[in-house]
Amino acid sequence: MSFRPKTKEELKVFDFDATLPFMALQFLVLMVVLNAVFYKPLTKMLDERDEYIRTTQLSAQERLAKAQKLAQEYEQKLGETRKQSQAVIAAAQADAQKTASAKVAEAQKEAQEAREKAGQEIEQQKQEAMRSLEQEVDVLSRQILEKLLGTALVK
């Protein structure tokens, strides 16, 4: 290797003759070709994808809002239905209580009537037994008197 000093022409990095405009023209042509072949379809695809994502997101938000609205309506209807069912249950319980009270009162009345009737029958049987006893006592006392005193005096 020889170490010789370089000339001014060898030291030049760029030569600004016809190569520079040609290189600039090549660069511009490459940019136009890349833009037409690669960047435009790529940006078009990215724009379409962005639009698809935006429309899908809006649609999802609308569906979410609709679902939330429906859920709120269902909750409200459920609350109303619960109130109505509680009212129906309360009314049925009140009716059942009235019916039970009426039947209990009727049963107590029937029991009281049966007690009174049984009391009357007992009183009647007691009266009949007393009359029967009185007759028997009369008969027995006459017999006793007849035996004690004789038959002539008693009649």
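Residues numbered from 1 in each chain as written. Predicted model: local features only at pLDDT ≥ 70, side-chain atom pairs only at ≥ 80, totals over all residues. Heavy atoms only, no water.

Take the overall build of the chain next. Summing up its helical and strand segments, the chain has three helices and zero strands in all. The order of helices and strands in the chain, counted from the N terminus, is α-α-α. Taken over 155 residues, the chain has a buried fraction of 0%. Per element, the accessible surface of the chain, about 15,000 Å² overall, is 61% carbon and sulfur. (Helix = DSSP H or I, 4+ residues; strand = E, 2+ residues; numbered from the N terminus. Buried < 20%, exposed > 50% of the residue type's maximum accessible area, 1.4 Å probe, protein only. Areas by Shrake-Rupley, 256 points an atom, 1.4 Å probe, with all protein chains shown as cover.)

Time to look at the pattern of salt bridges. This structure, assessed with the given rule, holds two salt bridges. Here Arg-54 makes a salt bridge to Asp-50, at a shortest N to O gap of 2.2 Å. Highlighted residues: Arg-54 and Asp-50, both in helix α2 (residues 19-149), separated by four residues, approximately one helical turn. By relative accessible area, Arg-54 is classed as partly exposed at 40%. When its relative accessible area of 35% is taken as the criterion, Asp-50 is described as partly exposed. (Salt bridge = Lys/Arg side-chain N within 4 Å of Asp/Glu carboxyl O.)

Turning our attention to the confidence of the model for the chain. A low pLDDT score tells you not to read the predicted coordinates there in detail. When pLDDT is averaged across the chain, the result is 87; 86% of the residues are at 70 or more. Mean pLDDT across the elements of the chain bottoms out in helix α3 (residues 151-154) (54) and peaks in α2 (91). (pLDDT = per-residue confidence, 0-100.)

Moving on: the UniProt feature "transmembrane region" (unreviewed entry) in the chain. Residues annotated in UniProt with the feature "transmembrane region" (unreviewed entry) correspond here to residues 20-39. A distance of 26 Å separates the end C-alpha atoms of residues 20-39, which is 100% helix and 0% strand. (UniProt positions renumbered as here; feature names shortened; annotations may be inferred.)

Before going further, it helps to examine the packing of aromatic side chains. Applying the stated criterion across every chain, the model contains one aromatic pair. Taking the centre distance of 5.2 Å and the plane angle of 65° together, the rings of Phe-38 and Tyr-39 count as edge-to-face. (Phe/Tyr/Trp six-rings, centres within 6.5 Å; stacked < 30°, edge-to-face > 60°.)

Moving on, we come to a negative patch on the surface. On the surface, Glu-106, Glu-110, Glu-113 and Glu-116 cluster together into a patch of negative charge. Mapped onto the elements of the fold, Glu-113 is located in helix α2. Of the residues examined, Glu-113 reaches a relative accessible area of 43% and is grouped as partly exposed. (Patch = residues over 30% accessible without salt bridge, like charges linked within 9 Å, V, L, I, M, F, W, Y side chains within 5 Å. Lys, Arg positive; Asp, Glu negative; His and termini not counted. Charge placed at Lys NZ, Arg CZ, Asp CG, Glu CD.)

This part takes up α2. Over its 131 residues, α2 extends 183 Å from the first C-alpha to the last, a length consistent with the 195 Å expected when each residue adds 1.5 Å. Helix geometry: α2 is bent most strongly at Asn-35, by close to 45°. Backbone geometry just downstream of α2 places Gly-150 in the positive-phi region, at approximately 105°. (Expected span 1.5 Å × (residues − 1). Bend = angle between axes of the 7 residues up to and from the residue.)

For the rest of this paragraph, the subject is a nonpolar patch on the surface. A cluster of nonpolar side chains, namely Leu-25, Val-29, Leu-30, Val-33, Leu-34, Val-37, Phe-38, Tyr-39, Leu-42, Met-45 and Leu-46, defines an oily patch on the protein surface of about 1,000 Å² accessible area. As for its position among the elements, Leu-46 is in helix α2. Residue class for Leu-46 comes out partly exposed when judged on its relative accessible area of 46%.

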